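Letter by letter, the chains look like this.
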Amino acid sequence: MLLRRFGQVAALLALLLVEVPAIVLSLAMLLLSFGMGMVFLYAPQVRLVRRMAEFNRRLMRDWTDVHIESPYLPEPPPPVPQADGMYRSDRTLYKTPRIPAWNNRWKWLISDPATWRDTIWLVLEPVVKLALLPAFITLPERGLRVYALWSDLMLRATVASRLASQVSHLTRTRNLAADSQAAEMRRIERDLHDGTQARLVAIGMTLGAVEQLVDDDPAAAKALLSKARDASSETLTELRRVIRGIHPPVLAERGLADAVRALAMDSPLQVTVEVDLPHRPEAPVEAAVYFAVSELLSNAARHGDARTATVDLSTNGPNLRVTVTDDGMGGADPAKGSGLSGIERRLAAFDGLLALNSPPGGPTTVSMELPRVLPEHWAGSLPKLPRWKAAIVVLLWATAWCPTFPQGIVAGVMKTFGIGEKSWFLALHMPGPWQWPVILGMIALGLCMHILAIWIPSSHNHNRELRFARVFPINPGC
């Protein structure tokens, strides 16, 4: 262990051979960019410094327990043409997006505080490493820890960058949800136009013919009415199919588990469904998972030439996990069709992830996980306390009763009614003026111990929720 730490320290110091020339080059590029007007050098200078900073973050993550978040603001979106086909940058219009994109990128780089913090960090790197050289030689473990804290101070994410990342994430999620909703509306309109609407028009024409024939040829009119009745039955079936495509009644009435089982029964494949869901998720989550499973089973039957499939619905703490496996020919690729990309759009509204494993020849396995979409009160056990905290809580609960009840309340009752039996009550053995202060002090001590026994676990769970919120900042699906 010690030898490995010395090797890490040596590698850290050896990086000075790269960092010192990088500092000289970076400062020269900054001087030329802002002093000589050679602004095209600024973007390469920022990329150089950011690569050095990212490499340092990766080293600190691998060598120590300090995880430094990337602090950079999200990149600006590409320019969007106006109605006339021109691209606007401030008050100027351009025919091509090249100059507006360059201007946006320039503003993004120069206005990001992390850009200048990275440069300051790189300039101070040799000074800090030389200052920590005695610690690196004598106590390499502590030296690396101090250096990691210094790197975290200079290179960690800021509140502004976290908020900007959240806004960017929400914007992407909102756009994906809107695109998914628009695609669904187009599908519904197409189904109604091609199926139900055409059948209703045919029924109307048939009834018009019946009106003309009812007096002259009752038998023909009766035959046409029979056809209209059959057509209305087919139209009703078509409408029910469209309704099931919007939101299946079995999903609303019986939940996700039974809806997937019904889906398995209607599938041409031999589908095995395994469910471990103690309670139902929210309705939007159920709908997203249902249609994702439906799309995967349909793809397996139509394109994968599969015969059997397995659907597994389970929980991972507050996360919902869905796995669909089929014995088809494999080779599924999201780039070759819109099915998997459509599923990804559905899951993106809930920060869901999709993982695909489909080698040529099969089998195909699709895993989906939707984070924090299940009720917290049944989503697994609460996080365990550290041993020392658990020991303190057990000790507090085991001893808090003594000062609260016998040494406090019972002793106070005996003092109030003048009972002469002192027994093992500490306050009653004290001089008279000290008895009530000791009794009240015992009661206060016991109450404080009870409060601490309750506060320590609740504080631990609250801190855990805050840490989770940093990983999943905003979850629109919850």
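- An unreviewed UniProt entry lists the chain under the name histidine kinase, from Nonomuraea angiospora.
- Database annotation for the chain, UniProt heading Catalytic activity (unreviewed entry): "ATP + protein L-histidine = ADP + protein N-phospho-L-histidine."

A closer look at the packing of aromatic side chains
Then step 1. Using the criterion set out here, one finds 8 aromatic pairs in the structure.
Then step 2. Aromatic side chains Trp 102 and Trp 106 sit 5.8 Å apart centroid to centroid with 10° between the ring planes, which places their arrangement in the stacked category. Of this pair, Trp 102 and Trp 106 both sit in helix 4 (residues 98-111), 4 residues apart, roughly one helical turn.
Then step 3. Seen from their ring centres, Tyr 290 and Phe 291 are 5.3 Å apart, and the 85° between their planes marks the pair as edge-to-face.
Then step 4. Feature note: the residues Phe 34, Tyr 42, Trp 102, Trp 106 and Trp 116 constitute an aromatic cluster, connected by ring pairs.

Observations concerning empty space enclosed by the protein
Then step 1. Taken as a whole, this structure holds 1 cavity of 30 Å³ or more when the rule is applied.
Then step 2. Volume-wise, the largest cavity comes out at about 30 Å³.
Then step 3. Around the largest cavity sit Gln 45, Val 46, Val 49, Arg 50, Thr 115, Asp 118 and Thr 119, which together line it.
Then step 4. Elements with a contribution of two residues or more to the lining of the largest cavity: helix 3 (42-63) and helix 5 (113-131).
Then step 5. Element by element, the count of residues in the lining of the largest cavity is highest for helix 3, at 4 residues.
Then step 6. Here the residues of the lining of the largest cavity are counted per class, giving 2 nonpolar, 3 polar and 2 charged.

Let's talk about helix 13 (residues 387-399)
Then step 1. Compared with the 18 Å implied by 1.5 Å per residue over 13 residues, the 18 Å span of helix 13 between its first and last C-alpha is a close match.
Then step 2. Of the positions making up helix 13, those classed as buried are Lys 389, Val 393 and Leu 396. Along the axis of helix 13, the buried positions cluster into a sector of 65°, meaning they face one direction only. Exposed side of helix 13, more than 90 degrees from the buried face: Arg 387, Trp 388, Val 394 and Leu 395 are the residues found there.

A short note on the side chain of Asn 319
Then step 1. Relative to the helices and strands, Asn 319 resides in strand 5 (residues 319-326).
Then step 2. According to the relative accessible area criterion, Asn 319 is buried, its value standing at 11%.
Then step 3. Only 2.9 Å separates the side chain of Asn 319 from the backbone nitrogen of Arg 372, close enough to count as a polar contact.
Then step 4. In contact with Asn 319, other than residues within four places in its own chain, are Ser 314, Glu 369, Leu 370, Pro 371, Arg 372 and Leu 374.

About the cut-offs
- Residues numbered from 1 in each chain as written.
- Predicted model: local features only at pLDDT ≥ 70, side-chain atom pairs only at ≥ 80, totals over all residues.
- Heavy atoms only, no water.
- UniProt positions renumbered as here; feature names shortened; annotations may be inferred.
- Phe/Tyr/Trp six-rings, centres within 6.5 Å; stacked < 30°, edge-to-face > 60°.
- Helix = DSSP H or I, 4+ residues; strand = E, 2+ residues; numbered from the N terminus.
- 1 Å grid on protein atoms, 1.4 Å probe; cavity = no way out; pocket = protein on both sides within 12 Å on 5 of 7 lines; lining within 4 Å.
- Points joined across faces, edges and corners; volume = space filled by probe spheres on them.
- Nonpolar A, V, L, I, M, F, W, Y, C, P; charged D, E, K, R; others polar.
- Expected span 1.5 Å × (residues − 1).
- Buried < 20%, exposed > 50% of the residue type's maximum accessible area, 1.4 Å probe, protein only.
- Arc of directions from axis to C-beta.
- Polar contact = N/O pair within 3.5 Å; in protein donor to acceptor, adjacent residues only side chain to side chain.
- Contact = heavy atoms within 4.5 Å.

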